[in-house]
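Listed below, chain by chain, are the residues.
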Amino acid sequence: MARRKQATEATVRVRNLIALDAANIMRRLEARRGEMFALFSRLRSREPMLSTISTRYSTATFQELVHLPVHEQSVVDQFYECLDALRWYFTYTEDMPSTAQQTFNTMHRRLEETHRQLVATLGHPVSPDGTTVVEGEVLRRADAPPEAALVPAASPRKRQARD
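This write-up is about the structure you can find in this document.

Conventions and cut-offs
- Residues numbered from 1 in each chain as written.
- Predicted model: local features only at pLDDT ≥ 70, side-chain atom pairs only at ≥ 80, totals over all residues.
- Heavy atoms only, no water.
- Helix = DSSP H or I, 4+ residues; strand = E, 2+ residues; numbered from the N terminus.
- Expected span 1.5 Å × (residues − 1).
- Buried < 20%, exposed > 50% of the residue type's maximum accessible area, 1.4 Å probe, protein only.
- Salt bridge = Lys/Arg side-chain N within 4 Å of Asp/Glu carboxyl O.
- Core = buried A, V, L, I, M, F, W, Y, C linked by side-chain atoms within 4.5 Å.
- Contact = heavy atoms within 4.5 Å.

Observations regarding helix α4 (residues 70-92)
Every α-helix carries 3.6 residues per turn, so stepping three or four residues along brings you back to the same face. Here α4 spans 32 Å end to end across 23 residues, near enough to the 33 Å set by a 1.5 Å rise per residue. Of the residues making up α4, those classed as buried are E72, V75, V76, F79, C82, L83, L86, Y89 and F90.

Here's what the structure looks like:
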């Protein structure tokens, strides 16, 4: 029983570390996406792009990853395979900055999709205060009058016709 509990605890820890790493990569990409191409254009340095997608847990081995079920291993592998393709492109591209940004946008969409699959499979990382972050969508605001949500605003063209 102790061995099963230990394996389960190890699995939870590995899941959380991978989820943390993936979330940090995606957060940095979103925060720096405009600036990294401006720096690439101005400095002709790939370092801003490469440091943005760096992984903190690049030394994870089969010994740690074996704790994950095989389906989870495949999902994690998909995410890091997309990240590796992006890293390869940033390292060796000869594209001009505008073309590099367009190619990045395409690759980033694929990375976002694999990240969504990773989160759906592993779950969100545990935050420093011990809570789990969950994505949400605002359906209705409590401070908005109910009829305001039901009545569409008049288009500018209709407003001009009335004036």
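Anyway, onward from the coordinates.
Details of the pattern of salt bridges
Inspection of every chain in the model, using the stated rule, returns five salt bridges. Between E9 and R13 there is a salt bridge, and its shortest N-O distance comes to 2.6 Å. Pair noted here: E9 and R13 are both in helix α1 (residues 2-43), with a separation of four residues, about one helical turn. Its relative accessible area of 36% is what places E9 among the partly exposed residues. For R87, the salt bridge is made with D84, and the minimal N-O distance between the two is 3.7 Å. Of the two residues, R87 and D84 both sit in helix α4, three residues apart, roughly one turn of that helix. Note on R87: relative accessible area 24%, which makes it partly exposed.

A closer look at the nonpolar core
In this structure, L29, F90, L111 and L118 are the most contacted members of the largest nonpolar core, which totals 25 residues. Taken together, the elements giving at least two residues each to this core come down to α1, α4 and α5 (97-122). The greatest single-element share of this core, amounting to nine residues, is contributed by α1. For L118, the residues in contact, after removing those within four places along its chain, are I18, A19, A22, V75, V76, F79 and G123.

Thoughts on the environment of T52
Note on placement: T52 falls in helix α2 (residues 47-52). Spatially, the C-alpha atom of T52 lies 9.3 Å from that of A31, the residues being 21 residues apart in sequence. Apart from residues lying up to four places away in sequence, T52 is in contact with I25, R28, L29, R32 and M36.

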